[in-house]
2 protein chains.
Amino acid sequence: MKNDIPRLMQERHLDAIVVQGDTDTSSDLAYLTGGVKLEGAALIWRRDAEPVLFTTPIERENGAATGLRLRLWNEFNLIEYMKAHNNDRFAATVALFRDLLDSEGVSGRVGFYGVGDRGYSYRFLSALAAACPTIEVVGEALPNLFNAARQTKDSAELAAIQEVGRLTAEVIDGVIALIQAQRVQDDRLIQADGHPLTIGDVKAFIRLELARRNLEEVHENIFSQGRDAGVPHNAGQPDMPLRLGQSIIFDIFPRHRQSGYFTDITRTFFLGAAPPELAQRWQQVKTIFDAVLAELRPGQPCTHYQHMTCDYFEDLGYPTTRSQPKTMVGYPHSLGHGVGRDIHESPSLNHLPDNDTLLQPGHVFTVEPGLYYPDEGWGIRIEDSLAFDAAGNLINLSNYPYEMVIPVG
Amino acid sequence: MKNDIPRLMQERHLDAIVVQGDTDTSSDLAYLTGGVKLEGAALIWRRDAEPVLFTTPIERENGAATGLRLRLWNEFNLIEYMKAHNNDRFAATVALFRDLLDSEGVSGRVGFYGVGDRGYSYRFLSALAAACPTIEVVGEALPNLFNAARQTKDSAELAAIQEVGRLTAEVIDGVIALIQAQRVQDDRLIQADGHPLTIGDVKAFIRLELARRNLEEVHENIFSQGRDAGVPHNAGQPDMPLRLGQSIIFDIFPRHRQSGYFTDITRTFFLGAAPPELAQRWQQVKTIFDAVLAELRPGQPCTHYQHMTCDYFEDLGYPTTRSQPKTMVGYPHSLGHGVGRDIHESPSLNHLPDNDTLLQPGHVFTVEPGLYYPDEGWGIRIEDSLAFDAAGNLINLSNYPYEMVIPVG
């Protein structure tokens, strides 16, 4: 949580942190501004002081809305710095930033965060390290201080994620109602205008329903059918008509425009009826999904649940990335990921050997087992977003029925 | 343009470039994939070879859709690398990437790009430099190779930006129609349900109209009134009713979800009538806007137009950031910026002493003079997106009327 940051600085022997960038790409910066949007900002937080936020003059009001102590970039005149550095903007920027850090009394081990061009960050921080003899520039490996702080959510964050889950459930309801409103002809759904209902039509409908609820489709949602459902990140082909009896993976992960928090939920269903073999596969995925949910406990290692899922699928004869690292069929991904201001964040429910995270109160994460056989024309995944509240109780933030078949016609 | 990249590599003495990240945050990566979306990818381009794209197995189909030569990350087994490095994921990742670059024969001066955590990028590229004796890790200052390549658009890019401009004009038409559909009571607009029309209502309407056209509001649009219009990046207060006779700045800059290109347009208008003093200010802004557009020519320095605008406003007695670097009133920003896969990119129409860019065919940029006096309760900005086509002809990509007053009631 945010108020863990001073403690995390101490544990990592950091005397200060510097977070630079814009809040639309840096979720760490957005985390610290409380979601207030800024395009060109830097936040400097000495362990023994209150944080200070630098913004451009034209964003001074957004800056003030954060409640943080505010300073403006134009206290430092870039053009004067450029004159002093033969119009070399890079050298001028380094000198300006050195003076800015100095004006806040920053020294010692300083961690740098925020999002930027990789090569520029390397060049800039290398030059800053050379220009600031009293500062040790620290670039953290992952998981870094923000991964650690952000993985546990406070009650306001849990409520925000629950709310985006509730609104997303309304959108899923709408999609199912749209599907059921069509008439069936052969194995297709036919709209009032005589055209078959396509994946593109469904996605256009989803976009409108999201916009009505102030939800953003930051990353393209997945509505994939048949063989496409067999490739986990295939988002679906817009011109493909929906067909009866195909596995359809509907994976939707919008962000609330106001709170800035994501949710993530997947359902797999068949229109009309499921072929018996695929109904059995669906039940297998649902069985391990239920088994994992029933066993989730604070204090358990995250890796336990991925191993449990791999054990289950391997016993049934499916390959996993544990048994066959290069497999693209069977169960070829990890069990889940944290959800918050990023769609993928800590904790990870994977089986990497360095994953020593234990589930704990405040964790928000997905559980999403799946099976994928594109060459056989199907894929199945079931996913909810879950949380442990402050008391360690499991909360289902998705809270949506698991229907294998949507009756049509 | 994209096919300038090999020449730009040569000019910058780069033997190869490496672009890593996800296409939702790295517009350089999206530029190279042609807009195909990827979450975890790396593109490696040796100057003397075809580029190669690395993707995760679950994104292999998206990767193939780029038309680039494709390899998968899972050729390299991270878990085996971790075993060889005492489960240190950072060290394993560096070693893996070293071998990956080696497998493509990368050596010499190598530029690194793409978006990532600043501190991690510094640490990772420092470690990679140490691990790869045959590679010189280059982090470019700005403007870098991609700034240079992307600032000139080919005909397909121009068409994409023109199309998002056309769709945005429809949205502005819709907003004006919404405003004119309300009845007037005192100085407010009253909706059919008896409630005043607020900025929040207008913004909700805009979001729906954008969604209907497959446009994304990546950064929050500006619909600001009165004193708020006097602060350039104030996006407007949702609960504020629209009022007659106030300056309203409507600055809208959506991205097309399919093409991935932005447009940017601003109109300032008054409902019912403009107070005479503000009508005069509006005309002043429009006068310099027109004067700049009439003078735009390929071959002219970008700085010329900012100086021309500062001359004009200073002659009228307004402060500018040229005459008073810390001013927050008068004309406190630069004249314009490039528009493409980023809302702000090269070229810049500013007066920084290192800005030696000449306007040229393929440039797409805004012209947006403005005046801001929040304490007097007003702000005015007029902005279009413009381009030079391959023949050097100026094209207005916004192509929308300039109405100072919207008749209501």
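Residues numbered from 1 in each chain as written. Chains lettered and ligands numbered in written order. Predicted model: local features only at pLDDT ≥ 70, side-chain atom pairs only at ≥ 80, totals over all residues. Heavy atoms only, no water.

(A) Local environment of the relation of the copies chain B and chain A. Superposition record for chain B on chain A: RMSD 0.0 Å, screw rotation 180°, translation along axis 0.0 Å. Taken together, these values place the two copies in the relation of a two-fold axis. The C-alpha atom lying nearest the rotation axis in chain B is that of Tyr-122 of chain B; the distance is 2.1 Å. Taken as a fraction of all interface residues of chain B, those also at the interface in chain A reach 100%, which identifies the copy contact as same-surface. (Least-squares fit on C-alpha atoms with pLDDT ≥ 70 in both. Contact = heavy atoms within 4.5 Å.)

(B) View of the interface of chain B and chain A. Counting from both sides, the interface comprises 68 residues of chain B and, opposite them, 68 residues of chain A. Note on chain B versus chain A: buried area summed over both sides is about 6,400 Å², and carbon and sulfur give 54% of it. When the area that chain B buries against chain A is broken down by residue, the three leading residues are Ile-58, Arg-118 and Tyr-122 of chain B, summing to 13%. With a shortest N-O distance of 2.5 Å, Glu-61 of chain B and Arg-227 of chain A are connected by a salt bridge. (Buried area = accessible area lost by both parts, 1.4 Å probe. Salt bridge = Lys/Arg side-chain N within 4 Å of Asp/Glu carboxyl O.)

(C) A look at the side chain of Asp-4 of chain B. Mapped onto the secondary structure, Asp-4 of chain B falls in the segment before helix H1 (5-11). Within the structure, the side chain of Asp-4 of chain B is placed 2.7 Å from the backbone nitrogen of Met-1 of chain B, a separation counted as a polar contact. (Helix = DSSP H or I, 4+ residues; strand = E, 2+ residues; numbered from the N terminus. Polar contact = N/O pair within 3.5 Å; in protein donor to acceptor, adjacent residues only side chain to side chain.)

(D) Here's a closer look at the pairing of strand E5 (residues 108-113) of chain A. Residue and element names in this part refer to chain A. Summarising the sheet, strand E1 (residues 16-21) and E5 pair through 4 bridges and their orientation is parallel. Among the inter-strand pairings, Ile-17 is bridged to a residue of E5, identified as Gly-111. Note: E5 against strand E7 (residues 135-138), 4 bridges, orientation parallel. Within the sheet, the bridge partner assigned to Arg-109 lies in E7 and is Glu-136. (Pairing = 2+ DSSP bridges.)

(E) Spatial organisation of the packing of helix H10 (residues 276-295) of chain A against helix H11 (residues 302-315) of chain A. Residues and elements named next belong to chain A. Following both chains from N to C, one finds H10 and H11 inclined at 150°, their axes separated by 10 Å at the closest point. Between H10 and H11, the angle is such that the two are roughly antiparallel. Taken as a pair, H10 and H11 cross one another with a handedness that is right-handed. Residue-level inspection shows Gln-284, Val-285, Thr-287, Ile-288, Ala-291, Val-292 and Glu-295 of H10 in contact with H11, the latter providing His-304, Tyr-305, Met-308, Thr-309, Tyr-312 and Phe-313. (Axes fitted to C-alpha atoms, helices over the stretch in contact; angles between N-to-C directions. Parallel < 35°, antiparallel > 145°, perpendicular 65-115°, else oblique. Left-handed = near helix turned anticlockwise from the far one by under 90°.)

(F) Just helix H9 (residues 199-212) of chain A, in detail. With 14 residues, H9 of chain A extends 20 Å from end C-alpha to end C-alpha; this agrees with the ideal 20 Å at 1.5 Å per step. Within the sequence span of H9 of chain A, burial applies to Ile-199, Gly-200, Val-202, Lys-203, Ile-206, Arg-207, Leu-208, Glu-209, Leu-210 and Ala-211 of chain A. Tucked into the core, H9 of chain A has its buried residues touching helix H8 (155-180), strand E10 (215-216), strand E11 (222-225) and strand E12 (248-252) of chain A together with helix H9 (199-212) of chain B. Just downstream of H9 of chain A lies Asn-214 of chain A, where phi reads positive at about 60°. (Expected span 1.5 Å × (residues − 1). Buried < 20%, exposed > 50% of the residue type's maximum accessible area, 1.4 Å probe, protein only.)

(G) Molecular detail of the pattern of salt bridges. All told, the structure shown has 70 salt bridges over all chains when counted by the stated rule. Residues Glu-368 of chain B and Arg-381 of chain B are paired through a salt bridge, measuring 3.8 Å at the closest nitrogen-oxygen approach. Of the two residues, Glu-368 of chain B is situated in the loop between strand E17 (364-367) and strand E18 (370-373) and Arg-381 of chain B in strand E19 (residues 378-381); the sequence distance between them amounts to 13 residues. Overall, the relative accessible area of 9% leaves Glu-368 of chain B in the buried class. A relative accessible area of 3% places Arg-381 of chain B in the buried class. Through salt bridges with shared partners, one network takes in Glu-163, Arg-166, Glu-170, Glu-209, Arg-212 and Arg-213 of chain A.

(H) Expanded view of the domain arrangement of chain A. Residues and elements named next belong to chain A. Segmenting chain A into domains produces domain 1 (2-149) and domain 2 (151-406). The C-alpha centroid of domain 2 is placed 37 Å from the C-alpha centroid of domain 1. Taken over both partners, the interface formed by domain 1 and domain 2 buries close to 730 Å², and the fraction arising from carbon and sulfur atoms is 32%. Sorting the residues of domain 1 by area buried against domain 2 places Ser-27, Tyr-31 and Asn-147 first, and these three jointly supply 45% of that buried surface. (Domains from an automatic or database assignment.)

(I) Region of interest: the state of the cysteines. Scanning the model with the defined rule gives 0 disulfides over all chains in all. Here Cys-310 of chain A stays unpaired: no disulfide links it, and the sulfur of Cys-302 of chain A, its closest cysteine neighbor, is 14 Å away. (Disulfide = S-S within 2.5 Å.)

(J) Representation of the sheet that holds strand E14 (residues 265-271) of chain A within the structure. Residue and element names in this part refer to chain A. Spatial ordering of the open sheet is given by E11-E12-E14-E22, a layout of 4 strands whose pairing is mixed. The sheet is open, and its two borders are formed by E11 and strand E22 (405-406), each paired with just one other strand. Pairing geometry for E14 and E22, over 2 bridges, is parallel. Across the sheet, Phe-270 pairs through a bridge with Val-405, a residue of E22. Along the sheet face, H8 touches E11, E12, E14 and E22 and points at about 150° away from the line of E12.

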